[in-house]
Amino acid sequence: MTFRPLHDRILVRRVEAEEKTAGGIIIPDNAKEKPMEGEVIAVGPGARDEAGQLHPLDVSVGDRILFGKWSGTEIRLNGEDLLIMKESDVLGIVEVTASMKKAA
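Residues numbered from 1 in each chain as written. Predicted model: local features only at pLDDT ≥ 70, side-chain atom pairs only at ≥ 80, totals over all residues. Heavy atoms only, no water.

## Here we look at the side chain of Asp8
- Its location among the elements puts Asp8 in the segment before β1 (9–14).
- Buried and without a salt bridge, Asp8 has Lys86 as its closest oppositely charged side chain, separated by 4.2 Å.
- Every residue in contact with Asp8, bar those within four places of it in the chain, is listed here: Gly46, Ala47, Leu57, Met85, Lys86 and Glu87. (Helix = DSSP H or I, 4+ residues; strand = E, 2+ residues; numbered from the N terminus. Buried < 20%, exposed > 50% of the residue type's maximum accessible area, 1.4 Å probe, protein only. Lys, Arg positive; Asp, Glu negative; His and termini not counted. Salt bridge = Lys/Arg side-chain N within 4 Å of Asp/Glu carboxyl O. Contact = heavy atoms within 4.5 Å.)

## A closer look at the pairing of strand β2 (residues 37–43)
- As defined by bridge partners, β1 adjoins β2 across five bridges and the pair is classed as antiparallel. When the bridges of β2 are listed, Leu11 appears paired with Ala42. (Pairing = 2+ DSSP bridges.)

## Some remarks on the sheet that holds β1
- The strand order across the open sheet built from six strands is β6-β7-β1-β2-β5-β8, with neighbouring strands paired in antiparallel fashion. On the outer flanks of this sheet lie β6 (73–77) and β8 (90–94), each paired with one strand and no other. Going across the sheet, the axis of each strand differs from the next one's by a mean of 45°, ignoring polarity.
- As paired elements, β1 and strand β7 (residues 80–86) share four bridges and run antiparallel to each other. The partner of Ile10 across the bridge, within β7, is Met85. (Axes fitted to C-alpha atoms, helices over the stretch in contact; angles between N-to-C directions.)

Read these as layout, nothing more, since geometry by itself doesn't imply function.
Spelled out as structure tokens, the structure:
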């Protein structure tokens, strides 16, 4: 099954958080919070203004984004838990620099 968001909506897959703290303590599943970071899987064509002009979205497929704790609507698609949200729910795009990629 495929899914295509409409208007200014995006489909997001949550990025799993670390299971250990910096000090090495393992966090149990029931104490973990849902991650507020995700990867954009699909985007709609954009929003229309009052004149009918289409404004494309600032996010694109593959972007890593940050969003609010209560943002979006959770859905299950092809056995995977995903979020549908409006672009306005996105707080920012996470950009990984080359130096950070080498450190990882």
